[in-house]
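Read off the chains here:
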Amino acid sequence: ELLALRLAIARDADSLRAILDDKKPHKLLGPVQGDRAARLPKSFESLDPSLHELVRYKEVYYYIELPTELATTPKLVGEITKRFELAAPLVDWCN
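First things first, this report covers the structure right here in the doc.

Reading guide: rules and limits
- The numbers attached to residues start from 1 for each chain and follow its sequence in the written order.
- The predicted origin of the model limits local features to residues at a pLDDT of at least 70 and limits the giving and counting of side-chain atom pairs to 80 or more, whereas totals for whole chains, interfaces and linings rest on all residues.
- Side-chain numbers here rest on the full set of heavy atoms in the structure, without hydrogens or water.
- Put simply, DSSP H or I for four residues or longer makes a helix, DSSP E for two residues or longer makes a strand, and each gets a number counted from the N terminus.
- Both definitions apply: the radius of gyration is a C-alpha atom measure, and the globule rule equals 2.2 Å times residues to the power 0.38.
- Fitting a line to C-alpha atoms yields each axis, with helices limited to the stretch in contact; the angle taken between N-to-C directions then spans 0 to 180 degrees.
- The labels follow the angle: roughly parallel below 35 degrees, roughly antiparallel above 145, roughly perpendicular from 65 to 115, and oblique for the rest.
- Crossings are sorted by hand: turned counterclockwise from the far helix by less than a right angle, the near helix makes the crossing left-handed, and turned clockwise it makes it right-handed.
- Any two residues whose heavy atoms approach within 4.5 Å at even a single point are treated as in contact.
- Planes of paired rings set the category: under 30 degrees apart is stacked, over 60 is edge-to-face and the rest tilted, where pairs are Phe, Tyr or Trp rings (Trp by its six-membered ring) whose centres lie within 6.5 Å.
- Charge-over-ring contacts are defined here by two conditions on Lys NZ or Arg CZ: a distance within 6 Å of the ring centre and an angle within 35 degrees of the ring normal.
- Any residue under 20% of the maximum accessible area for its type is buried, any over 50% is exposed, and the rest in between are partly exposed; the area is computed with a 1.4 Å probe on protein chains only.
- N or O atoms closer than or at 3.5 Å make up a polar contact, with two conditions inside protein: a donor-capable atom paired with an acceptor-capable one, and, for residues adjacent in sequence, both atoms drawn from side chains.
- Salt bridge, as applied in this entry: a Lys or Arg side-chain nitrogen positioned within 4 Å of an Asp or Glu carboxyl oxygen.

## Brief notes about the overall build of the protein
Next up, step 1: Of the regular secondary structure elements, the protein holds five helices and zero strands.
Next up, step 2: When the helices and strands of the protein are listed from N to C terminus, the series reads α-α-α-α-α.
Next up, step 3: Radius of gyration (C-alpha) of the protein: 16 Å, far over the 12 Å computed for a compact globule of 95 residues.
Next up, step 4: With respect to the principal axes defined by its C-alpha atoms, the protein has extents near 50 × 25 × 20 Å.

## Let's talk about the packing of helix α2 (residues 13-21) against helix α5 (residues 75-94)
Next up, step 1: Running from amino to carboxyl end, α2 crosses α5 at an angle of 155°, the nearest separation of the two axes being 10 Å. In terms of their interaxial angle, α2 and α5 are classed as roughly antiparallel. In terms of crossing hand, the pair formed by α2 and α5 is left-handed. Here S15, L16, I19 and L20 of α2 come into contact with α5, specifically with P89, L90 and W93.

## Side note on the packing of aromatic side chains
Next up, step 1: A full pass over the atoms with the stated rule returns zero aromatic pairs.
Next up, step 2: Positioned over the ring face of Y57 is R36, at 4.1 Å from the centre of the ring.

## Considering the side chain of E79
Next up, step 1: Relative to the assigned elements, E79 resides in helix α5.
Next up, step 2: Residue class for E79 comes out buried when judged on its relative accessible area of 19%.
Next up, step 3: A distance of 2.7 Å separates polar atoms of two side chains, one belonging to E79 and the other to R83.

## A word on the pattern of salt bridges
Next up, step 1: Per the stated rule, a full pass over the model turns up four salt bridges.
Next up, step 2: Here K82 ties to E79 by a salt bridge, and the two come within 3.0 Å at their closest N and O atoms. Of the two residues, K82 and E79 both sit in helix α5, three residues apart, roughly one turn of that helix.
Next up, step 3: Across the pair R83 and E79 runs a salt bridge whose closest N-O atoms are separated by 2.7 Å. Taken together, the residues R83 and E79, both in helix α5 and four residues apart, mark about one turn of the helix.

## Some points on the environment of R83
Next up, step 1: For R83, a relative accessible area of 12% corresponds to the buried category.
Next up, step 2: Considering only alpha carbons, one finds R83 and Y62, 21 residues apart in sequence, at a separation of 9.5 Å.

## Examining the environment of V91
Next up, step 1: Along the chain, V91 turns up in helix α5.
Next up, step 2: By relative accessible area, which is 45% here, V91 ends up partly exposed.
Next up, step 3: Each C-alpha atom, one on V91 and one on I19, is 10 Å from the other, the two residues being 72 residues apart in sequence.

Written out as structure tokens, the structure is:
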């Protein structure tokens with residue numbers, strides 16, 4: 001799966017970069033997170049250097065904790081729905 005992610009990044013880095021640079025999700029989801037390899041895998045060293053940082057990703061995801069008080073209010077479903085909709089482009093890209 002990791003190789004598949006890295007190959008997808010190498011093939012379609014522009015789309016991923018557009019998703020990662022989009023400011024709208026950052027407001028409600030925070031920045032994209034994920035472990036990265038300490039070094040660039042040797043098989044990807046010939047890639048354009050602008051892709052090196054992206055290919056080092058081992059996973060990409062959003063992580064946010066909502067206030068606990070929200071859990072008992074009618075607003076919870078709407079808040080979760082908003083965040084899922086904002087995360088959808090990244091999820092779609094990964095799938």
